[in-house]
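Single-letter residue listing:
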Amino acid sequence: MKNIVTILVLVIAFTFTAQAQKKGGKPSTEKMLKKMTIDLNLTADQQNEIKPLLEEQMADRQASMEKRKALQDSGEKPSKEERQQLNAERKEKAAAFNTKMESILDKEQFAKFEAMANEKKGNTEKKGKKKKN
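Quick caveat, the model's predicted, so the values are computed rather than measured.

Draft legend 1. Layout of the layout of surface pockets. By volume, the largest pocket is sized at about 2,500 Å³. Together, 45 residues line the largest pocket, and Gln57, Arg61, Arg90, Ala94 and Lys120 are the ones closest to its centre. At the level of secondary structure, the elements contributing two or more residues to the lining of the largest pocket comprise helix H2 (29-40), helix H3 (44-74), helix H4 (80-104) and helix H5 (107-132). Here the element with the most residues in the lining of the largest pocket is H3; it accounts for 14 residues. Looking at side-chain class alone, the lining of the largest pocket contains 16 nonpolar, eight polar and 21 charged residues.

Draft legend 2. Layout of H4. Here H4 spans 36 Å end to end across 25 residues, near enough to the 36 Å set by a 1.5 Å rise per residue. Among the residues of H4, Phe97, Met101 and Ile104 are the ones counted as buried.

Draft legend 3. Molecular detail of the environment of Lys100. Among the secondary structure elements, Lys100 is positioned in helix H4. Using a relative accessible area of 37% as the deciding quantity, one classes Lys100 as partly exposed. The spacing of Lys100 and Glu49 is 51 residues in sequence and 9.5 Å in space, taken between C-alpha atoms. Once you skip the residues sitting within four places of it in the chain, Lys100 turns out to touch Leu53 and Glu56.

Draft legend 4. View of the confidence of the model for the chain. Across the chain, the average pLDDT comes to 82, with 78% of residues at 70 or higher. Across the chain, the element-wise mean pLDDT spans from 65 in helix H1 (residues 2-24) up to 91 in H4.

Draft legend 5. Region of interest: the packing of H2 against H3. For the pair H2 and H3, interaxial distance at closest approach is 10 Å and the crossing angle is 140°. Judged on the interaxial angle alone, H3 and H2 are oblique. Judged by the sense of rotation from one axis to the other, the crossing of H2 with H3 is right-handed. Residues Thr29, Glu30, Met32, Leu33, Met36 and Thr37 of H2 form the contact with H3, whose participating residues are Gln47, Ile50, Lys51, Leu54, Glu55, Gln57 and Met58. A per-class count over the contact of H2 with H3 returns six nonpolar, four polar and three charged.

Draft legend 6. How the structure looks around unusual backbone geometry. At Asn41, a position not held by glycine, the phi torsion is positive, near 55°. Residue position: Asn41 is located in the loop between H2 and H3. Classification of Asn41 by relative accessible area gives exposed; the value is 62%.

Draft legend 7. Structural view of the side chain of Gln46. Its place among the elements puts Gln46 in helix H3. Reaching out from Gln46, the side chain makes a polar contact with the backbone oxygen of Ile104 at a distance of 3.3 Å. Not counting residues within four places of it along the chain, the set of residues in contact with Gln46 comprises Asn41, Ile104, Leu105, Asp106 and Gln109.

Parameters at a glance
Residues numbered from 1 in each chain as written. Predicted model: local features only at pLDDT ≥ 70, side-chain atom pairs only at ≥ 80, totals over all residues. Heavy atoms only, no water. 1 Å grid on protein atoms, 1.4 Å probe; cavity = no way out; pocket = protein on both sides within 12 Å on 5 of 7 lines; lining within 4 Å. Points joined across faces, edges and corners; volume = space filled by probe spheres on them. Helix = DSSP H or I, 4+ residues; strand = E, 2+ residues; numbered from the N terminus. Nonpolar A, V, L, I, M, F, W, Y, C, P; charged D, E, K, R; others polar. Expected span 1.5 Å × (residues − 1). Buried < 20%, exposed > 50% of the residue type's maximum accessible area, 1.4 Å probe, protein only. Contact = heavy atoms within 4.5 Å. pLDDT = per-residue confidence, 0-100. Axes fitted to C-alpha atoms, helices over the stretch in contact; angles between N-to-C directions. Parallel < 35°, antiparallel > 145°, perpendicular 65-115°, else oblique. Left-handed = near helix turned anticlockwise from the far one by under 90°. Polar contact = N/O pair within 3.5 Å; in protein donor to acceptor, adjacent residues only side chain to side chain.

The following block contains the structure:
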């Protein structure tokens, strides 16, 4: 009887843990905006200007991800020129986003925003290097 109860408790605990991890997933625009508001001390006007930018960026990322997944499922690999074009488009979009953010934020906030982005970029690169090794 004790074994059955113990097993049930473990199964229930495992189920709740797995569900909690799934909910943590990808950041939403609300979470991103909240974090930026706290970290950069954004005003209400700045939040209202940044929110559509974040939503647009998330929608664009989702579309790109679906496009990549469709290519992967078809078994085709993009040519070197196509990869270079996609990379150039991604960099253009990032530069446009940064330009818009620079016009919304003051100099101090933008400097902190860039520092946060560079830190995140550094962490992402480290993760990629760990996976390759």
